[in-house]
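Survey of secondary and tertiary structure
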Amino acid sequence: MINVAVLGYGTVGSGVVEVINRNQNIVSKRAGQDIKVKYVLDLRDFPGDPVEEILVHDYNIIVNDPEVDIVVEVMGGVNPAYSFVKSALEAGKSVATSNKELVAVHGAELLAVAKANNVNFLFEASVGGGIPIIRSIIRSLTADDITEITGILNGTTNYILSKMSDEGSDFESVLKIAQEKGYAERNPEADVEGYDACRKIAILTSLVCGKQVNYEDIYTEGITKITDIDIKYAKAMDCTIKLFGTTKFEGDKIYSMVAPFIIPTNHVLGNVNDVFNGVFMHGNMLGDTMFYGKGAGKLPTASAVVSDVVDEAKHMGRNIMTIWEQDKMELADILDFQCKFFARVKSTKEEVEACFGNVTYLEIPEASDEIAFLTDKISEKDFQEKIKNLDLIYRIRTTL
């Protein structure tokens, strides 16, 4: 019998309990022994919910109970999640979490603590919800030198951009719909400003590098400035706009950023729409590979958490090696990153060409009072210097 304690009975926590209870036979069979939820920790009470029978409000009950083998942390945030998880690992209990903030900040340290205590710290659900991307990186793609990770890592922003593209709506209108549907929080800043995707690409990059990549070092830009006019220009190029978390390994340099990109509709990520996530990776032996699925939601995320619980049950008393050292990995200066830029300006073609030379001009009926163009491949630094001489409306990076 493996006893599990679930910290947090919100959306994901209740999902974890539901998955374990509903799929009891399957989960236990794959774990090799029975899996049972012994405790659920939450500050709230849940009158009428069966969880009342196992609900506790004091974490010490869990950490001091020798019968608890695995702790599931789905509280969110860094504190008190960090102290709870660390003390559980030190007490000889494995931990499974979906907490991207915790993993991005303390992942390397908690993996070291788990190794020292011969237990496991797993976090599949922290990136991509139900998509098995982390397990694939640390176990399935170990023969490859990964040269690129590019992902649509946030379902809220992908829903908004998809809706804007499909219906021609403006950002604020679609955001309101997303909030009404429960896809966006009342305060959507973490999603729409790219912070959520930033933490996720930091985790993936850390795992590929084997060292700590601090999310604060990653250039991050959200989607709040994208307009319906930008969408129309993208369509005129047979393209779409997606918020990417991307890391590219170019020689001894590592470029990492979160930003909107214009990509061709036939791009492997071009048809990842609605609340779905997609992660593209390139390895020097494997070539291109793609992971696709629901990146959030109660049951998809809970399913990934329970998969980690099963993995930990199968490896009781044995640490699963994950290479993620606490030494910091320095990222290359994003100003040296090169791509083609799409720009809209209130300037003349003569002024544009004086700055950028030959460019590709674009026109749409809805924006006859401006000039839009596509540059050749250019560094961030050079683009910023040249665009200072023009009256810029907005610019978007492209994969073209």
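As shown above, the structure is provided for reference.
Helix and strand counts for the chain come out as 14 helices and 17 strands. Across its three principal axes, the chain shows a C-alpha extent of roughly 75 × 45 × 30 Å. Looking at the chain as a whole, 56% of its 400 residues qualify as buried. Of the contacts made within the chain by residues no fewer than 6 positions apart, 73% connect residues no fewer than 24 positions apart. For the chain, the accessible area works out to roughly 17,500 Å², and carbon and sulfur atoms hold 46% of it. Distance between charge centres in the chain, computed from 40 positive and 59 negative side chains, equals 3 Å.

Right, let's talk about the pattern of salt bridges for a bit. A complete count under the given rule lists 22 salt bridges for this structure. Among the salt bridges present, the one from Arg135 reaches Glu124, with a minimum N-O distance of 3.5 Å. On the criterion of sequence distance, the pair formed by Arg135 in helix H6 (residues 133–140) and Glu124 in the loop between strand E6 (121–122) and H6 is long-range, its members being 11 residues apart. Here Arg135 falls in the partly exposed class, since its relative accessible area comes to 21%. Taking the shortest distance from any N to any O, the salt bridge between Glu385 and Lys388 comes out at 3.4 Å. Residue classification places Glu385 among the partly exposed positions, given a relative accessible area of 45%. For Lys388, a relative accessible area of 59% gives the class exposed.

If you walk through the whole model with that rule in mind, you get one cavity of 30 Å³ or more. Here the largest cavity defines a volume of roughly 80 Å³. Every residue along the wall of the largest cavity is listed here: Leu111, Phe121, Leu122, Phe123, Glu124, Ile134, Arg135, Ile138, Arg139, Asp308, Asp311 and Thr322. If you tally residues by element for the lining of the largest cavity, the top one is H6, at four residues. Considering only residue class, the lining of the largest cavity consists of six nonpolar, one polar and five charged.

Moving on, we get to the sheet that holds strand E1 (residues 2–7). By way of backbone hydrogen bonds, the strands of a sheet pair with one another, either parallel or antiparallel. Strand order in the open sheet made by the six strands is E3-E2-E1-E4-E5-E6, with parallel pairing throughout. For this open sheet the edge positions go to strand E3 (55–56) and E6, each flanked by a neighbour on one side alone. For strand E4 (residues 68–73) and strand E5 (residues 94–97), the ladder comprises four bridges, and the chain directions are parallel. Across the sheet, residue Ile70 finds its bridge partner in E5, namely Ser94.

Further remarks concern the layout of surface pockets. Of the pockets and cavities examined, the largest pocket occupies roughly 1,200 Å³. Considering the residues around the largest pocket, the lining is formed by 39 residues, among which Val12, Lys100, Glu185, Asp196 and Ala296 are closest to the centre. Elements supplying a minimum of two residues to the lining of the largest pocket: helix H1 (11–22), helix H5 (100–116), helix H7 (155–167), helix H9 (189–192), helix H10 (195–209) and helix H12 (298–314). Ranked by the residues each element gives to the lining of the largest pocket, the list is headed by H10, at four residues.

In this structure, Ile62, Phe121, Ile133 and Ile160 are the most contacted members of the largest nonpolar core, which totals 86 residues. Beyond its immediate chain neighbours, meaning those up to four positions away, Ile133 contacts Glu124, Val127, Leu204, Val279, Met281 and Phe291.

What follows concerns the environment of Pro80. Relative to the assigned elements, Pro80 resides in the loop between E4 and helix H4 (81–90). Counting along the chain gives 101 residues from Pro80 to Lys181, while the straight-line C-alpha distance between them is 30 Å.

Basis of the calculations
Residues numbered from 1 in each chain as written. Predicted model: local features only at pLDDT ≥ 70, side-chain atom pairs only at ≥ 80, totals over all residues. Heavy atoms only, no water. Helix = DSSP H or I, 4+ residues; strand = E, 2+ residues; numbered from the N terminus. Buried < 20%, exposed > 50% of the residue type's maximum accessible area, 1.4 Å probe, protein only. Contact = heavy atoms within 4.5 Å. Areas by Shrake-Rupley, 256 points an atom, 1.4 Å probe, with all protein chains shown as cover. Lys, Arg positive; Asp, Glu negative; His and termini not counted. Charge placed at Lys NZ, Arg CZ, Asp CG, Glu CD. Salt bridge = Lys/Arg side-chain N within 4 Å of Asp/Glu carboxyl O. 1 Å grid on protein atoms, 1.4 Å probe; cavity = no way out; pocket = protein on both sides within 12 Å on 5 of 7 lines; lining within 4 Å. Points joined across faces, edges and corners; volume = space filled by probe spheres on them. Nonpolar A, V, L, I, M, F, W, Y, C, P; charged D, E, K, R; others polar. Pairing = 2+ DSSP bridges. Core = buried A, V, L, I, M, F, W, Y, C linked by side-chain atoms within 4.5 Å.

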